[in-house]
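Examination of the molecular architecture
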Amino acid sequence: MERVALVTGGTRGIGAEISRALKATGHKVVASYAGNDAAAKAFAGETGIAVLRFDAGDYGACEVAVAEIAKTQGPIEILVNNAGITRDTTLARMTREMWDAVINTNLGSCFNLCKLTFEGMRARKFGRVVNISSINGQAGQYGQVNYAAAKAGIFGFTKALAQEGARHGITANAIAPGYIDTDMVRAVPEEVLQKIIAKIPVGRLGHASEIARAVVFLSAEEAGFVTGSTLTINGGQYMV
Ligand code: CAA
């Protein structure tokens, strides 16, 4: 059955593969992005997927976007909170702005978009929320107190929401990707990245498509009994 799916940060990296995979599954996908117009335009042209520019960390902007999607595509029934940024540095050097930016974008966006779509999902007795966390929210990571905190927060958020949605046909699950071959990971200094890859038992970075197929699984009609779970996909780097 065709559903309307919103994928935040859905035009690049892991999000782009998620958008593609949900479209291939038969859904009507909207991919949001924060600022890279050129990448979004290229993605839309190549895939035919609708793109929408708004800051997922800004509640007011989300309110406008959700209303627009409802008007142009229909009510959102699959929500993939994927938008994420890094502002890596040690706590000693981290500014309050670096903290706020990461918490707002990576965790605040989950609140904003769940809050704005939950009522509609409840009324229609169907909803699939998939929140993209990270291995670094499970294990911590040197230089990422902001990112690790936001990504760890996603686990608690997801488990609480799963309890609230359960009786209404709404599931909420988290995925914890390891190091995936994206621009974000490629921005890690090369010598640091090589040390990280050396610790991955599978011996390589993950592919974005390996995360996307898990989103397809969790957002399926048949996945109604899977809720409050964390799916760890990290090549064996950290086993929970
Ligand atoms: N454990 C212990 N010590 C460490 C360390 C670690 N993991 N990493 C660095 N250090 C130490 C270094 O050995 C060095 O010590 P000395 O001065 O005694 O030699 C000191 O910390 C400073 O290290 P750097 O030279 O690297 O310092 P920097 O200030 O230039 O950079 C940093 C610090 C920004 C944290 C950098 O090391 C870095 O970018 N690390 C990678 C962080 C990371 O993995 N980010 C993930 C981004 S991708 C992502 O987040 C996606 C996802 O979900 C997986």
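Residues numbered from 1 in each chain as written. Predicted model: local features only at pLDDT ≥ 70, side-chain atom pairs only at ≥ 80, totals over all residues. Heavy atoms only, no water.

1. Let's talk about the packing of helix 1 (residues 13-24) against helix 2 (residues 37-47)
Let me state the cut-off plainly: Here, axes are lines fitted to C-alpha atoms. For helices the fit covers the stretch in contact, and angles between N-to-C directions go from 0 to 180 degrees. Strands are runs of DSSP state E lasting at least two residues, helices are runs of H or I lasting at least four, and both sets are numbered from the N terminus onward. An angle counts as roughly parallel when it lies under 35 degrees, as roughly antiparallel when it exceeds 145, as roughly perpendicular when it falls between 65 and 115, and as oblique in every other case. Each crossing gets its handedness from the near helix: less than a right angle anticlockwise from the far helix is left-handed, clockwise is right-handed. Two residues form a contact once any of their heavy atoms are found within 4.5 Å. Three categories are distinguished: nonpolar for Ala, Val, Leu, Ile, Met, Phe, Trp, Tyr, Cys and Pro, charged for Asp, Glu, Lys and Arg, and polar for the others, with Gly belonging to the last.
In contact at an axis separation of 12 Å, helix 1 and helix 2 are set at 20° when each is read in the N-to-C sense. Compared by their axis directions, helix 1 and helix 2 come out roughly parallel. Considering only the axes of helix 1 and helix 2, their crossing is right-handed. On the side of helix 1, the interface is formed by Ala16, Ser19, Arg20 and Lys23, while helix 2 contributes Phe43, Glu46 and Thr47. Looking at the contact of helix 1 with helix 2 residue by residue, the classes come out as two nonpolar, two polar and three charged.

2. Brief notes about the packing of helix 1 against helix 9 (residues 208-218)
Where helix 1 meets helix 9, the axes come as close as 8 Å, and the angle between the chain directions of the two elements is 45°. Judged by the inter-axis angle, helix 1 sits oblique to helix 9. As helix 1 runs across helix 9, the sense of the crossing is right-handed. Residues Gly13, Ile14, Glu17, Ile18, Ala21 and Leu22 of helix 1 touch helix 9, and the partners they reach there are Ala208, Ser209, Ile211, Ala212, Val215 and Val216. For the contact of helix 1 with helix 9, the per-class residue count stands at nine nonpolar, two polar and one charged.

3. Re the confidence of the model for the chain
Quick reminder of the rule: The predictor rates its confidence in each residue with pLDDT, a number between 0 and 100.
Put simply, the chain has an average pLDDT of 98, and 100% of its residues get 70 or more. When mean pLDDT is taken per element in the chain, strand 6 (residues 170-177) scores highest with 99 and helix 7 (residues 183-186) scores lowest with 94.

4. As for the site of the ligand
Note the cut-off: A single heavy atom is enough: if one lies within 4 Å of a molecule or strand, its residue is considered near that molecule or strand. Distance and chemistry together define a polar contact, namely a pair of N or O atoms within 3.5 Å, with one atom able to donate a hydrogen and the other to accept it when in protein, and with adjacent residues in sequence counting only for side-chain atoms on both sides. Method for areas: the Shrake-Rupley scheme with a 1.4 Å probe, in which residue coverage is limited to the protein chains shown.
Surveying the vicinity of the ligand reveals 18 residues, the closest of which are Asp88, Arg93, Ser134, Tyr142 and Tyr147. In the model, an oxygen atom of the ligand is placed 2.6 Å from a nitrogen or oxygen of the Tyr142 side chain. Between the ligand and Gln144, the relevant distance is 3.0 Å, taken from an oxygen atom to a side-chain nitrogen or oxygen of the residue. Protein coverage of the free-state accessible area of the ligand, which is 1,100 Å², stands at 57%. Those elements that place two or more of their residues in the shell around the ligand are helix 7 and helix 8 (190-198). Its residues placed into classes, the shell around the ligand shows nine nonpolar, seven polar and two charged.

5. Looking at the environment of Thr72
Counted only if it meets this: The rule is simple: take the accessible area with a 1.4 Å probe, protein chains only, and divide by the maximum for that residue type; under 20% is buried, over 50% is exposed, in between is partly exposed.
Mapped onto the fold, Thr72 is located in helix 3 (residues 59-72). A relative accessible area of 49% means that Thr72 is categorised as partly exposed. Through-space distance from the C-alpha of Thr72 to that of Gln163 is 31 Å; in sequence the pair is 91 residues apart.

6. Topic: the side chain of Ser109
Note on placement: Ser109 falls in helix 4 (residues 96-124). For Ser109, a relative accessible area of 1% translates into the label buried. Contact partners of Ser109, with chain neighbours within four places excluded, come to Ala56, Gly57, Asn81, Ala83 and Asn104.

7. Here we look at unusual backbone geometry
Positive phi values are uncommon outside glycine, yet Lys125 reaches one of about 60°. One can find Lys125 in the loop between helix 4 and strand 5 (127-132).

8. Some remarks on the environment of Val80
Within the secondary structure, Val80 is located in strand 4 (residues 76-81). With relative accessibility at 0%, the residue Val80 sits in the buried group. Between the alpha carbons of Val80 and Leu6 there is a distance of 6.1 Å; along the sequence they are 74 residues apart.

9. Remarks on helix 8
Here is the rule: Starting at the helix axis, one direction is taken to each C-beta atom, and the arc is that of these directions.
Here helix 8 has its buried residues at Leu193, Ile196 and Ile197. Each buried residue of helix 8 lies within a common arc of 100° when the element is viewed along its axis, so the set occupies one face. For helix 8, exposure combined with an orientation more than 90 degrees from the buried face picks out Glu191, Lys195 and Ala198. On its buried face, helix 8 is in contact with helix 7.

10. A look at helix 6 (residues 145-165)
Which entries qualify depends on this criterion: Helix span, expected: 1.5 Å multiplied by one less than the number of residues in the helix.
When the terminal C-alpha atoms of helix 6 are compared, their 30 Å separation across 21 residues agrees well with the 30 Å that a helix rising 1.5 Å per residue should span. Residues of helix 6 that are buried: Asn146, Tyr147, Ala148, Ala150, Lys151, Ile154, Phe155, Thr158, Leu161, Ala162 and Gly165. Packed against the buried residues of helix 6 are helix 4, strand 5, helix 5 (135-139), strand 6, helix 7 and strand 7 (230-233).

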